Each structure stands twice: as C-alpha cells, then as structure tokens.
Amino acid sequence: MAKMIIWFSGILSSFIYNSINLQVSYQRESDLKKTVLRNDQTPRTVLNTLNKISSDRILIMYNLVRNFSDLMVATREVKLDKIVLRTKFNNGIVGIFGMVSSTIAMLQLYRKEIEMQSPMPQIKRVMSYG
C-alpha cells in the first residue's frame, strides 16, 4: 500500500507541476504581447517565440491529460475513491483512463522518435517563418 501512495503522490506532484507550467506559459505569452506593444522586439522574433510557447503548451496539455488519467487509476489503487467519494470506480472507467494515459504516452514516444530520426520538420519550420 505504501508503494501505491508514493505512486499516487508522484503523479499528483507531476499534475501540479504541469498546471504551474501551463500558467507560466500563459504568463509568458501575455508578457510577450506587452513587449510587442512597446516595440521591444521584431515581429519575426515575436512570431518565433509565440510558436515555441504554443508548441510547449500543447505538450503541457497532453501531460496534464495523461496525469489526470493516471490519477484516476491511482485513486482506485489507493482506494481514495471509497474514502472521498464513498463509491468505487467501475473497472471500465479505470480501464478507459488507463488507455487514454497509455495512448498519450505512446504518441509522445512516437513524436520523439520521429524528431530524432528526421531533423527536417525543424528546418522546415524555421524556413517558413524566415
């Protein structure tokens, strides 16, 4: 049971970390828009930075969904659903959350593998804004 509690707290910590990163991402975007109004940066630099923030935000959102799905599975294993909600999560619901988490993890691994094999998308992205 102690292992499950440590697992649950690790996932919860990751969820909180990604939530904070999402908030920081929106703050960075807001700050960048303020610098545009003051004409502190060139439009090309702003566009590149906004695209980087946007791609990072998508990854953060994927991680949040994955963490939430893992939290539902861990909640069942720690039996927190019985304590807090006074009900037991259905096996089907827990299975669906597990599949969502696994699918996102596989998509992230696939994306990393594609990026490692071919640097072409990065070159293409730089060329399209330059």
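Check the entry above for the structure.
Residues numbered from 1 in each chain as written. Predicted model: local features only at pLDDT ≥ 70, side-chain atom pairs only at ≥ 80, totals over all residues. Heavy atoms only, no water.

Trainee: Describe the packing of helix H2 (residues 43-78) against helix H4 (residues 91-117), with residues and values.
Mentor: A packed helix pair is summarised by two numbers, namely the angle formed by the two axes and the spacing between the axes. The geometry of H2 relative to H4 is characterised by a closest axis approach of 8 Å and an angle of 145° between their N-to-C directions. Crossing handedness for the pair H2 and H4: left-handed. Contact residues: H2 offers Leu-59, Tyr-62, Asn-63, Val-65, Arg-66, Phe-68, Ser-69, Asp-70, Met-72, Val-73 and Arg-76, while H4 offers Asn-91, Val-94, Phe-97, Gly-98, Val-100, Ser-101, Ile-104, Ala-105, Gln-108 and Arg-111. The class makeup of the residues in the contact of H2 with H4 is 11 nonpolar, six polar and four charged. (Axes fitted to C-alpha atoms, helices over the stretch in contact; angles between N-to-C directions. Helix = DSSP H or I, 4+ residues; strand = E, 2+ residues; numbered from the N terminus. Left-handed = near helix turned anticlockwise from the far one by under 90°. Contact = heavy atoms within 4.5 Å. Nonpolar A, V, L, I, M, F, W, Y, C, P; charged D, E, K, R; others polar.)

Trainee: Account for the packing of aromatic side chains, with residues named and values stated.
Mentor: Scanning the model with the defined rule gives one aromatic pair in all. Pairing Phe-68 with Phe-97 gives two aromatic rings, centres 5.9 Å apart and planes at 80°, and the pair type is edge-to-face. Here Phe-68 is found in helix H2, whereas its partner Phe-97 is found in helix H4, with 29 residues between them in sequence. By relative accessible area, which is 24% here, Phe-97 ends up partly exposed. A cation over an aromatic ring shows up here: Arg-57 above the ring of Tyr-26, its NZ or CZ 3.9 Å from the ring centre. (Phe/Tyr/Trp six-rings, centres within 6.5 Å; stacked < 30°, edge-to-face > 60°. Buried < 20%, exposed > 50% of the residue type's maximum accessible area, 1.4 Å probe, protein only. Lys NZ or Arg CZ within 6 Å of the ring centre and 35° of its normal.)

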